[in-house]
Amino acid sequence: MSFRDDNEEVRDLKKPFLHTGSWYRMGSRQSSIMGSSAQVLRDGSISVILCVLIVALGPIQFGFTCGYSSPTQAQIISDLKLSISEFSIFGSLSNVGAMVGAIASGQIAEYVGRKGSLMIAAIPNIIGWLAISFANDSSFLFMGRLLEGFGVGIISYTVPVYIAEISPPNMRGSLGSVNQLSVTIGIMLAYLLGLFANWRVLAVIGILPCTVLIPGLFFIPESPRWLAKMGMTEDFEASLQVLRGFDTDISVEVNEIKRAVASSSKRTTIRFADLKRKRYWYPLTIGIGLLMLQQLSGINGVLFYSSNIFERAGVSSSNVATFGLGAIQVVATGVTTWLVDKAGRRLLLMVSSSGMTLSLLLVAVAFYVEGIVSEGSDLYSIMGILSLVGLVAFVISFSLGIGAIPWVIMSEILPVNIKSLAGSVATLANWFIAWGITMTANLLLTWSGGGTFTIYAIVAAFTIVFVTLWVPETKGRSLEEIQSSFR
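(A) Quick peek at the overall build of the chain. Counting secondary structure elements, the chain contains 24 helices and 0 strands. A buried classification covers 57% of the 487 residues belonging to the chain. Taking the intrachain contacts of the chain between residues at least 6 apart in sequence as the baseline, contacts between residues at least 24 apart amount to 82%. Accessible surface, the chain as shown: approximately 19500 Å² in total, 66% of it carbon and sulfur.

(B) Region of interest: the packing of aromatic side chains. Per the counting criterion, the structure on display carries 14 aromatic pairs. Chaining the aromatic ring pairs together yields one cluster made of Phe-64, Tyr-68, Phe-87, Phe-90 and Trp-129.

(C) Local environment of the pattern of salt bridges. Scanning the entire structure with this criterion turns up 12 salt bridges. One salt bridge in this structure joins Arg-114 and Glu-165, with 2.8 Å as the shortest N-O distance. With Arg-114 in helix H7 (residues 84-133) and Glu-165 in helix H8 (residues 138-166), the pair connects residues that are 51 residues apart, well separated along the chain. The same class applies to Arg-114 and to Glu-165, which are both buried. Between Glu-237 and Lys-258 there is a salt bridge, and its shortest N-O distance comes to 3.4 Å. Within this pair, whereas Glu-237 is found in helix H13 (residues 233-244), its partner Lys-258 is found in helix H14 (residues 251-264), the two being separated by 21 residues in sequence. A relative accessible area of 21% means that Lys-258 is categorised as partly exposed. One network of salt bridges, in which partners are shared, links Glu-110, Arg-114, Glu-165, Lys-229 and Lys-419.

(D) The environment of Ala-321, seen in detail. Checked against the element boundaries, Ala-321 lands in helix H18 (residues 318-343). On a C-alpha basis, the gap between Ala-321 and Phe-310 in space is 7.3 Å, while along the polypeptide they are 11 residues apart.

(E) Focus on the packing of helix H6 (residues 57-80) against helix H11 (residues 208-216). Interhelical geometry of H6 versus H11 gives an angle of 165° and a closest axis separation of 9 Å. Regarding the angle of H6 to H11, the classification is roughly antiparallel. Relative to H11, H6 is oriented so that their crossing is left-handed. Seen from H6, the contacting residues are Leu-57, Gly-58, Ile-60 and Gln-61; seen from H11, they are Pro-209, Cys-210, Val-212 and Leu-213. Considering only residue class, the contact of H6 with H11 consists of 6 nonpolar, 2 polar and no charged.

(F) The arrangement of the nonpolar core in detail. By size, the foremost hydrophobic cluster in this structure holds 50 residues, and its most contacted members are Val-55, Tyr-68, Ile-76, Phe-90, Ile-132 and Leu-141. In terms of residue count, H7 provides more of this core than any other element does, 12 residues in total. Non-local contacts of Leu-141, meaning those with residues more than four positions away in its chain, are made with Ile-76, Leu-80, Leu-82, Phe-90, Ile-132, Ala-135 and Trp-199. Among the nonpolar cores identified, the runner-up in size contains 40 residues, and Ile-286, Val-302, Ala-321 and Phe-398 belong to it.

(G) Fine view of unusual backbone geometry. Of note, the phi angle at Lys-81 is positive, near 55°, even though the residue is not glycine. Summarising the element assignment, Lys-81 is placed in the loop between H6 and H7. Residue Lys-81 is classed as exposed on the basis of its relative accessible area, which comes to 68%.

(H) Region of interest: the side chain of Asn-125. Along the chain, Asn-125 falls in helix H7. A relative accessible area of 0% means that Asn-125 is categorised as buried. Look past the residues within four positions of Asn-125 in its chain and what remains in contact with it is Gln-61, Thr-65, Leu-147, Glu-148, Gly-151, Val-152, Ile-155 and Cys-210.

(I) Representation of the environment of Asn-170 within the structure. Mapped onto the secondary structure, Asn-170 falls in the loop between H8 and helix H9 (172-194). Between the alpha carbons of Asn-170 and Lys-342 there is a distance of 9.1 Å; along the sequence they are 172 residues apart.

(J) Expanded view of the environment of Ile-286. Tracing the chain through its elements places Ile-286 in helix H15 (residues 278-296). When its relative accessible area of 0% is taken as the criterion, Ile-286 is described as buried. Sequence separation between Ile-286 and Ala-426 is 140 residues; the distance between their C-alpha atoms is 9.6 Å. Look past the residues within four positions of Ile-286 in its chain and what remains in contact with it is Ile-409, Ile-413, Phe-466, Trp-470, Val-471, Pro-472 and Phe-486.

(K) A look at the packing of H7 against H8. At a minimum axis separation of 5 Å, H7 and H8 run at an interaxial angle of 40°. For the contact of H7 with H8, the per-class residue count stands at 31 nonpolar, 14 polar and 5 charged.

(L) Seen up close, H9. In a regular helix each residue adds 1.5 Å, so 23 residues correspond to 33 Å; H9 covers 34 Å between its end C-alpha atoms and thus fits that length. The sharpest bend along H9 reaches about 30° and sits at Asn-179.

(M) Region of interest: a nonpolar patch on the surface. Taken together, Trp-281, Phe-462, Val-465, Leu-469 and Trp-470 make up a surface patch of nonpolar side chains, about 490 Å² in accessible area. You can see Trp-281 is positioned in helix H15. Take Trp-281: its relative accessible area is 34%, and that puts it in the partly exposed class.

(N) Quick peek at H15. With 19 residues, H15 extends 26 Å between its outermost C-alpha atoms, agreeing within 8% with the 27 Å of an ideal straight helix rising 1.5 Å per residue. Counting buried residues in H15 gives 14 out of 19 residues, a clear majority hidden from the surface. Two residues or fewer past H15, Gly-298 is found with a positive phi of approximately 90°.

What counts, and where the lines are drawn
- Numbering of residues starts from 1 in each chain and follows the order in which that chain's sequence is written.
- Reporting in this predicted model follows two pLDDT cut-offs: at least 70 for local features of residues, and 80 or more for side-chain atom pairs to be given and counted; totals over whole chains, interfaces and linings ignore these cut-offs and use all residues.
- Each side-chain value is derived from all of the structure's non-hydrogen atoms; neither hydrogens nor water enter the calculation.
- Secondary structure follows DSSP: runs of H or I at least 4 residues long count as helices, runs of E at least 2 residues long count as strands, and numbering of each begins at the N terminus.
- Accessible area is worked out with a 1.4 Å probe on protein chains only. A residue is then buried under 20% of its type maximum, exposed over 50%, and partly exposed in between.
- Note on contacts: a residue pair qualifies if any of its non-hydrogen atoms lie within 4.5 Å across the two residues.
- Under the convention used here, a 1.4 Å probe and the Shrake-Rupley method define accessible areas, while residue burial counts only the protein chains that appear.
- In summary, the pairing rule links any two rings of Phe, Tyr or Trp, Trp by its six-membered ring, whose centres are within 6.5 Å, and it sorts them by plane angle into stacked for under 30 degrees, edge-to-face for over 60 and tilted for everything else.
- Any Lys or Arg side-chain nitrogen found within 4 Å of a carboxyl oxygen on Asp or Glu counts as a salt bridge.
- Every axis in this analysis is a line fitted to C-alpha atoms, fitted for helices over the stretch in contact. Angles between the N-to-C directions lie between 0 and 180 degrees.
- Throughout, the term roughly parallel applies to angles under 35 degrees, roughly antiparallel to angles over 145, roughly perpendicular to angles from 65 to 115, and oblique to all others.
- Left-handed describes a crossing whose near helix is turned anticlockwise from the far helix by less than a right angle; the clockwise case is right-handed.
- Gly is put with the polar residues, along with every residue not named as nonpolar or charged; the nonpolar set is Ala, Val, Leu, Ile, Met, Phe, Trp, Tyr, Cys and Pro, and the charged set is Asp, Glu, Lys and Arg.
- For this analysis, a nonpolar core means a set of buried residues of the types Ala, Val, Leu, Ile, Met, Phe, Trp, Tyr and Cys, connected via side-chain atoms within 4.5 Å.
- Take the residue count of a helix, subtract one, and multiply by 1.5 Å to get its expected span.
- Working definition for bend: take the seven residues up to and ending at a residue and the seven starting at it, fit an axis to each, and measure the angle between the axes.
- The patch calculation keeps residues exceeding 30% relative accessible area without a salt bridge and links them within 9 Å when they carry like charges or within 5 Å when they are nonpolar (Val, Leu, Ile, Met, Phe, Trp, Tyr).

Take a look at the structure:
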């Protein structure tokens, strides 16, 4: 039975949620009348980059949501007469919403496609920002934050998967890292604009990324691998052709994807007993492990406590310093985007984890020494500066690998027939640990600053071991080749 016959019923039941129109089905002869715009579409690398830039608006929204609460805390507490605990609930509700979104993300992306999933994610984000901007009490504020979190939870799974599925092997790492780069840009923009705009105006500005994303989705093709899995052969080949360029021979890649889909569709239902097989438990362990270790390193706790460290080091304006930290994150993540397809995933992960371990130990030592010397001494001031240096070094090290690459690897290694479920579980684990770290950071730091950063350093050191023993190199390999290597 042919690939098309095997999936005839599926094709009748499932169509792309957002149809791109007939433009991307045009062959090179018809597209030649479109002049310069057709020439852009002929160049596959440019076409893929344009698709990535459009969906990157989702992670920018993700970052803006994460960064919003920091510069607005004093204003919101003052205007709405909130207590510190109520504002803490407001801040953490995005994580709660994201966990719910993460649970649903895999099934939504599987049923309505990657583009349809992003459309669904954009709508609650817009409604959430509007609810916050017009809030007169905590109820609207909390509802808006939950809705934002739900959308962000879907975005955090769907965007890395879409980018991995449309990218050629030689560009997949760099383009996949654009996801985390966009998150850091969103955080930095929230910090920067928060210096000048009040919290209501900042919430209105937060609507913009998803408002632009929605129409943009109509101008990019659906993931060819999702279309192939759904049995829509003509749409699958047309989508792949526009992504690789109209003058490119895609027959080899088409056959490779068809074989992979045919192999995975032989058993559509995965039983728990099947997870004992290496082809499933190995990539699942790597994907979940990396995303959990990313958060267990304490990045959210460190950023949460950064303003206090800045104050100890004698920095007068903690908000400006926080923006500077966000800018450093953007630059370091940009370097990762450039390096990941040159140096490889494993090397960057090991360099990143090593740098995090050393910088966290530096901060821990500084806190230990501060606890045994007098507050007005020169040594106390030096330790404050050292803790600041350690914090900046930690953020740079995190951004060079652990920040971006776990999402890239998760989207690369999960087998196609368990990707929706396994991806949801991995994303949920990431958000749950992020929530746990954020909620416990203050308690741990009150207990012992040095002890807290020592714990984070031990986790970072374990990450080096985990990457060395478990994580395979995926640079330059097709998704089908990576996934078949686990069999």
